[in-house]
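So you can see what is in the structure, the chains are spelled out below.
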Amino acid sequence: MSFRCLSCLTGLSPVTIILCAVILPRLLVLGDYPHMDEGYYIYYAQLIFQNLLTHGQLPDVGSCNLYSCLLAPFCALPGNLYLWMRLVDLGFAVLAAWLLCQVLVRESASKTHGLLIALLCLLCWHVPDVLDAGVKNSLSIAYAALFLGLLLVARKTQAAWFTAGCLTALAVLLREPFAIYACLGALAMWLAYGFSAACIYCVGGIMTGLGLIFVMALGRGSLHGLISAYLQAGTVVSAESGKILGNIFQYGLRFLWEFWPFFLLTIFAFVVLWRAENRCYWHRALFWLACSLAPLVEIVSKMAFLYHFSMLFPAFAGMLALSFRLQQDPAFLQRLLKVRMLLLASLIVLCVNYRPVALQETWKIVQDFPECRWSNDASGQSNTLLAGKVIESLPGRTLSVSGFMHFLYPLTRRQPPCLGMDDLSRVFLHLGRDTKKFADFLAEHAADVLVIGKVQEANHVAMFTEEIQQAVAASGLYTLVADIPVDEEKNYGWIGCFIYQKIQ
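Q: Summarise the confidence of the model for the protein chain; cite the residues concerned and give the values.
A: This prediction gives the protein chain a mean pLDDT of 86; 88% of its residues lie at or above 70. Ignoring residues within four places in sequence, the model shows residues 1-7, a span with pLDDT below 50, making five contacts including any to other chains.

So, in structure tokens, the structure goes:
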């Protein structure tokens, strides 16, 4: 690379990288349609906020939902909850991105190289197919905790090691599958700094984890709902176990197809590190390799999607950054890791994944500030928005859905009639798939509106559409008011729904 180009790159800063790779991509999709995963987290934020207002305590239902607890105060804002929560999650993403920049600059021992690797990593992390429109999961805030812990460990003090353990525990409670990183962190501490350092790290993690769980138990009134939620989650995963392998191959191949430049550069980086005459970085290379393998535990144990594979990106970036520390004669593999290749890889990812049409959707919705409602044109292109319009036209204040369609709760600002009625598919599964028991349960906990999801093929969740419909008919409490068909050409058109109104 020419001296002139390199001199321009030396002016890079974390602010520039974050603006280009995080803020702008997220603002482009700010007005995107509601998505399934973000609806789940926003629904629980609604539930927590409402329960604190009415009962003065956390709802004793669901998992830890620490991420939703952080989102809950923003449910007091008027207008479109999706936009507000996406902006809050953008704040978490900016924090995680800034910390990642610090980690990669330190790991590469070069500001320019570290920030360019951060650019590639963050661009991959924030493409719409991985991110949706934000609030898809708690990865940003959980990784922020891990990145900060990783930065602190290098200070080599007992206080830093203890704090790193605390931050790791916080990351685990924000996203439970990150428990694998807690184990990996303890092992790395032992190998790098000795047994006493690992003990200090573990004490910090255990104290923080138990402390937060104790506080949540006090806030919820008991741990019954928490324990039940994790047991029930295992039942749901078992019901879908037959689709796990298919999803791994489908989204694994898609991951390689869309992000092959990053994957290929990471492989080259590992080969360079392994073949290097100076073996002083072998241990660090093995650490980043272990971090790359850690997410595979979650991927192979549940229904994996593209965002699950995106958890490999920070470890890939760490491996790539470490390879730039090597100071030796240029070779073929090293030339592949030059700055121009990082820029080319970033450009390929950018061109393959970004959709300019998202900007039009965002512009339309922000013009309706502060309500920020989706337009009629947008509603006609989304099964989710069509269902929301029907629900809002019906009387009543309570709603129950099936098939993990939680995105309808924040869309309509309605709530289930009682705790545990947020997903009828899970209720039906919990009741042993007994139609009579389920009909009796409906009679006792009748919502004003029911939404029963349907798909052409059961390729996402265990929905039990026909069985739930039979139970609804047996209850004699509801009448069918709308049938929104499956239409693959629409946003979330792969899932349709039957909408029932309670007979007055």
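Q: Tell me about helix α5 (residues 81-108), and please be specific about residues and values.
A: In a regular helix each residue adds 1.5 Å, so 28 residues correspond to 40 Å; α5 covers 40 Å between its end C-alpha atoms and thus fits that length. One side-chain oxygen of the residue at the start of α5 lies 2.9 Å from the amide nitrogen of Tyr 82, identifying that residue as Asn 80. Backbone geometry just downstream of α5 places Ala 109 in the positive-phi region, at approximately 60°.

Q: Before we move on, can you summarise the pairing of strand β4 (residues 495-502) with the specific residues and values?
A: Among the eight residues of β4, seven are classified as buried, and the element is accordingly described as predominantly covered. Across seven bridges, strand β2 (residues 449-455) lies against β4 in antiparallel orientation. For Ile 452, the partnering residue across the bridge sits in β4 and is Phe 498. Where strand β3 (residues 478-484) meets β4, six bridges bridge the pair, whose relative direction is antiparallel. For Thr 479, the partnering residue across the bridge sits in β4 and is Gln 501.

Q: Kindly report on the packing of aromatic side chains, identifying the contributing residues and their values.
A: Per the counting criterion, the structure on display carries 31 aromatic pairs. Between Tyr 40 and Phe 404 the ring centres are 5.2 Å apart and the planes differ by 20°, which places this aromatic pair in the stacked class. Of this pair, Tyr 40 sits in helix α3 (residues 36-55) while Phe 404 sits in the loop between β1 (399-401) and α23 (408-412), and the two are 364 residues apart along the sequence. Of the residues examined, Tyr 40 reaches a relative accessible area of 19% and is grouped as buried. Connected via pairs of aromatic rings, a cluster forms that spans Tyr 40, Tyr 41, Tyr 43, Tyr 44, Tyr 67, Phe 92, Phe 404 and Tyr 409. Note that Lys 454 overlies the ring of Phe 498, its terminal NZ or CZ placed 4.2 Å from the centroid.

Q: Break down the state of the cysteines for me, with residues and values.
A: By definition, a disulfide links the sulfur atoms of two cysteines through a covalent bond. Applying the stated criterion across every chain yields a total of zero disulfides. The thiol sulfur of Cys 124 is not disulfide-bonded, and the nearest other cysteine sulfur, from Cys 121, lies at 7.0 Å. Cysteine Cys 183 remains unbridged, with the sulfur of Cys 202 as its closest cysteine sulfur at 8.7 Å.

So, how was this worked out
- Chains are numbered independently. Their residues run from 1 in the order of the written sequence.
- Per-residue local features of the predicted model are confined to residues with pLDDT of at least 70, and side-chain atom pairs are confined, for both listing and counting, to 80 or more; whole-chain, interface and lining totals are unaffected and use all residues.
- For the side-chain quantities, the full set of heavy atoms in the structure was used; hydrogens and water were omitted.
- pLDDT measures the predictor's confidence residue by residue and takes values from 0 up to 100.
- The criterion used for residue contact is that any of the two residues' heavy atoms lie within 4.5 Å.
- A run of H or I in DSSP becomes a helix once it reaches four residues, and a run of E becomes a strand once it reaches two; helices and strands are each numbered from the N terminus.
- In this analysis, the expected span of each helix is defined as 1.5 Å times one less than the number of residues it contains.
- Any N or O atom pair separated by 3.5 Å or less is treated as a polar contact, with the protein-specific requirement of one donor-capable and one acceptor-capable atom, and with residues adjacent in sequence counted only for side-chain atom pairs.
- Note on exposure labels: buried denotes an accessible area under 20% of the residue type's maximum, exposed denotes more than 50%, and partly exposed covers the range between, all computed with a 1.4 Å probe on protein chains only.
- Any two strands between which DSSP finds at least two bridges are classified as paired.
- The rule is short: rings of Phe, Tyr and Trp, with Trp giving its six-membered ring, pair when the centres are within 6.5 Å, and they are stacked under 30 degrees, edge-to-face over 60, tilted in between.
- Note on criteria: charge over ring means Lys NZ or Arg CZ within 6 Å of the ring centre, with the direction from the centre no more than 35 degrees off the ring normal.
- Disulfides are defined in this document as cysteine sulfur pairs within 2.5 Å.

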